[in-house]
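Read off the chains here:
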Amino acid sequence: MASSRGFASVTNLDISSTPSSRRYNIIVPQFYGKLIVQSCSRFSITVCSIQNPRFVVAKRNKIREFRLFNSVELDRFVTSDDEDEMSEGFFEAIEELERMTREPSDVLEEMNKRLSARELQLVLVYFSQEGRDSWCALEVFEWLQKENRVDKETMELMVSLMCGWFKKLIEGNRDLADVVDLLVDMDCVGLKPNFSMIEKVISLYWDAGEKQRAVHFVKEVLRRGIGYLNHGKEGNKGGPAGYLAWKMMVDGNYRDAVNFVIDLRESGLKPEVYSYLIAMTAVVKELNEFAKALRKLKGFSKAGLIAEPDSENFRLIEEYQSDLLADGVRLSNWVIQEGGPTLNGMVYERLLAMYVCAGRGVEAERHLWAMKLVGKEADGELYDIVLAICASQKEAGAISRLLSRMEVTSSLRKKKTFSWLLRGYIKGGHFKDAAETVIKMLDLGFYPDFLDRAAVLQGLRKRIQQPGHVETYLKLCQHLSDENLAGPCLVYLHMKNYNLWVIKML
């Protein structure tokens, strides 16, 4: 593979004679990737007159010079014992491979029996140095694969070297095509680590602050159709698009993650199906953060710190939330179209979370039942949360359907469900319904929390002038008193025309 690219060694012999040996300096062209570097490194060798003059033995101090290169830390791989045990065949193999006059596989085939497993590993390390032909290391690894001589240690070594190359390319701001080409070559020689090298490259770009280049890298990977495997299965983050979207979510850039995946799909690059699910999760998180911001805004407005939002602000708020929901629905449709029915449960689960965060009770209830129909049962508390949202919006049909499942639940679960229903009515300002819920709970032997009871009484008192509220208030006070949950109450009426006060104690 290397010789087909036309590499050739250049030598400059500086000869100094001694009775027993001659010293030479061989100038070796520096290579990195597929580009020839202008500078050269010098490689000292000694030819011993007492041996075959064709045989070359590298000086031992040259091994120590290896430790100065930047692509990997050689100290992790070469020990003093390794230096003592290096055979003459090792140094001869290095020199033959450096010459580039024959295919590396031919050289290694010829010297197979003369090189130990450790020496073959060190050949990989040698050619991983900056200034050496790194592609030769890939060819050596390919030959080792064919000869079935790649053990766990050799695989870990080669993966470490590859990670070093990718890091060097990215830190050196090399062209994106070089990084992708190296991925392709890695796959061609059968180097398949137990993790995704694509994810590793994305992380290197992301951690270096090159976020836009990470996006371009993913687009190039998808454009070339480079395979994504993780232990033979799709990983939890789905692939290059899903992994980058997940990285964006970790940084809190939820909207960017959604727009990134949608942009890939609409530009025809077809990201992995799991990336749509990750983008849907990002929609949920963005809606949740948006809801938190709205609650803070309402709190500041109530405290008089800011002005009440006007109609235009409310329109913009509603529009932003609707756009997010529309993106989530679009992503869900793509999952169902491309992923098949096995993913429907995860789709409905995310749609449910979206509508819960957006406070859309009817839509949330619909997806609760959709989940149930595909065999994915939601947690009991989720039913209660949706019930509270529907109660705040006084959706009688949805409330009735959700309460129907209480018949087969435990007493503790029933009390929790009634408590959520009660708080939903309180939040929506439906205090007559809230009072009826309190009375029903008391009849069933459930005592509402003190704060909930107080909130209902206070809400009814503020509305006692409205038709029907007096009767509801008196009825509630009577039930609370019967259960020793309220002390005596004074109800009074002032007749202004007669300046008359009518007072009654309950």
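Use the structure listed above.
Calculation criteria
Residues numbered from 1 in each chain as written. Predicted model: local features only at pLDDT ≥ 70, side-chain atom pairs only at ≥ 80, totals over all residues. Heavy atoms only, no water. Helix = DSSP H or I, 4+ residues; strand = E, 2+ residues; numbered from the N terminus. Buried < 20%, exposed > 50% of the residue type's maximum accessible area, 1.4 Å probe, protein only. Contact = heavy atoms within 4.5 Å. Pairing = 2+ DSSP bridges. Axes fitted to C-alpha atoms, helices over the stretch in contact; angles between N-to-C directions. Parallel < 35°, antiparallel > 145°, perpendicular 65-115°, else oblique. Nonpolar A, V, L, I, M, F, W, Y, C, P; charged D, E, K, R; others polar. Left-handed = near helix turned anticlockwise from the far one by under 90°. Phe/Tyr/Trp six-rings, centres within 6.5 Å; stacked < 30°, edge-to-face > 60°. Lys NZ or Arg CZ within 6 Å of the ring centre and 35° of its normal.

(A) Up close: the environment of Asp452. Along the chain, the position of Asp452 falls in helix α21 (residues 450-462). Overall, the relative accessible area of 9% leaves Asp452 in the buried class. Sequence separation between Asp452 and Ile426 is 26 residues, and the spatial gap between their C-alpha atoms is 8.2 Å. If near-sequence neighbours (up to four positions away) are discounted, Asp452 is found in contact with Leu422, Arg423 and Ile426.

(B) Structural view of the pairing of strand β6 (residues 500-505). With zero of six residues buried, β6 lies mostly on the surface of the structure. Across six bridges, the pairing between strand β5 (residues 490-495) and β6 is antiparallel. Looking at the pairing, Leu493 lines up with Val502 of β6.

(C) Summary view of the environment of Val456. Structurally, Val456 can be placed in helix α21. The buried category is assigned to Val456, whose relative accessible area is 0%. Once residues within four sequence positions are removed from consideration, Val456 is found in contact with Leu422, Ile426, Phe431, Ala434, Ala435, Val438 and Leu476.

(D) Just the packing of helix α14 (residues 311-339) against helix α15 (residues 344-358), in detail. Look at α14 against α15: their axes get within 10 Å of each other, and the N-to-C directions meet at 175 degrees. It follows that α14 is roughly antiparallel to α15 by the angle criterion. Taken together, the residues of α15 that come into contact with α14 (itself represented by Gln321, Leu325, Gly328, Val329, Ser332, Val335 and Ile336) are Asn344, Val347, Leu351, Met354, Tyr355 and Ala358. Residues belonging to the contact of α14 with α15 are distributed by class as follows: nine nonpolar, four polar and no charged.

(E) A look at the packing of helix α7 (residues 152-171) against helix α9 (residues 197-207). As a packed pair, α7 and α9 sit with axes 10 Å apart at the nearest point and diverge in direction by 35 degrees. As for the relative orientation of α7 and α9, their crossing is right-handed in sense. Contacts from Val159, Met162, Cys163, Phe166, Lys167 and Ile170 in α7 reach Met197, Lys200, Val201, Leu204 and Tyr205 in α9. When grouped by side-chain class, the residues that make up the contact of α7 with α9 number nine nonpolar, no polar and two charged.

(F) Examining the packing of aromatic side chains more closely. A complete count under the given rule lists five aromatic pairs for this structure. The cationic tip of Arg405 hangs over the ring face of Tyr383; the distance from NZ or CZ to the ring centre is 3.9 Å.

The analysis is restricted to geometry; functional conclusions fall outside its scope.
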